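Coordinates in review
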Amino acid sequence: MRASDRAYAALRDDITEWRLLPGTVLAEVEQSERLGVSRTPLREALSRLTAEGLTTTAGSRGVVVTDVSLDDIDELFELRETLESKAAALAAERGDPGVFLQLRKELLEAPALIDGSDPGRHAYYDLAGRLDAAIDAAVSNSYLAQAMRGLRVHLVRVRRLAADDAQRLTAAAAEHAAIAEAIAARNPRLAEAATILHLHRSLTHVKNTHTPHHKEHHG
């Protein structure tokens, strides 16, 4: 892996997981030492993060981690609904029903993954990620997939802002199962509707439980 790719991946994960909070200044010397890369690859990584909207250049302060406001969340979900409902409809037309029937089966069993034994719910999020990947593969449109990838980076940050409660995740798993079922049934309109319903409920949950993260500025 190139040094700039390594630095980019590490910083992106730190930002999306809220280890680097909004308002944090990413000083070149400090970050290059922390990540074990030289200044040039670090600058490349920071310019990629700025292009994605995870960081911004703040004049003399240098590169700073951006915030996620409720307005941002509304705008992200507007784009998400457009892209994901279209992707689900195309997957219903182009996908292998067997793949989505298997995912539906696993998603209906997902409540067992959402119990308290794994606080990070990694197995559940891996399963939801596999549904995303199966839809991307079925759609087979590199431009749409690229737009979705750019969006998902921000959605991971948004997910961390909302209360990660078992009740909502159990409902979300059932909504994902309904999307998989509609795709397996080769019904584009139903797949689109199931996606829109899921996103509406996700957005409502995020906005009702949204807890802003801010870094105090001193000096």
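Residues numbered from 1 in each chain as written. Predicted model: local features only at pLDDT ≥ 70, side-chain atom pairs only at ≥ 80, totals over all residues. Heavy atoms only, no water.

Per an unreviewed UniProt entry, the recorded name for the protein chain is GntR family transcriptional regulator, and the organism is Pseudarthrobacter scleromae.

1. Some points on a negative patch on the surface
Side chains of Asp-67, Asp-71, Asp-72, Glu-75, Glu-78, Glu-81 and Glu-192 sit close together on the surface and give a patch of like negative charge. With five residues, helix α4 (residues 70-94) is the largest single contributor of residues to the negative patch. Within the fold, Asp-72 resides in helix α4. (Patch = residues over 30% accessible without salt bridge, like charges linked within 9 Å, V, L, I, M, F, W, Y side chains within 5 Å. Areas by Shrake-Rupley, 256 points an atom, 1.4 Å probe, with all protein chains shown as cover. Salt bridge = Lys/Arg side-chain N within 4 Å of Asp/Glu carboxyl O. Lys, Arg positive; Asp, Glu negative; His and termini not counted. Charge placed at Lys NZ, Arg CZ, Asp CG, Glu CD. Helix = DSSP H or I, 4+ residues; strand = E, 2+ residues; numbered from the N terminus.)

2. Section: helix α6 (residues 122-139)
For α6, spanning 18 residues, the distance from its first C-alpha to its last is 26 Å, which sits close to the expected 26 Å at 1.5 Å a residue. Every buried residue of α6 is listed here: Tyr-124, Tyr-125, Leu-127, Ala-128, Leu-131, Ala-134, Ile-135, Ala-138 and Val-139. Of the surrounding secondary structure, the elements contacted by the buried residues of α6 are α4, α5 (97-108), α7 (142-161) and α8 (166-184). In the stretch just after α6, Ser-140 is the one whose phi turns positive, near 55°. (Expected span 1.5 Å × (residues − 1). Buried < 20%, exposed > 50% of the residue type's maximum accessible area, 1.4 Å probe, protein only. Contact = heavy atoms within 4.5 Å.)

3. What about the packing of α4 against α7?
Two elements in contact, α4 and α7, have axes separated by 10 Å at closest approach and are oriented at 130°. The orientation of α4 relative to α7 falls into the category oblique. For the pair α4 and α7, the sense of crossing is left-handed. Touching Ile-73, Leu-76, Phe-77, Leu-79, Arg-80, Leu-83, Glu-84, Ala-87 and Leu-90 of α4 are Leu-144, Ala-147, Met-148, Leu-151, His-154, Leu-155, Val-158 and Leu-161, all from α7. (Axes fitted to C-alpha atoms, helices over the stretch in contact; angles between N-to-C directions. Parallel < 35°, antiparallel > 145°, perpendicular 65-115°, else oblique. Left-handed = near helix turned anticlockwise from the far one by under 90°.)

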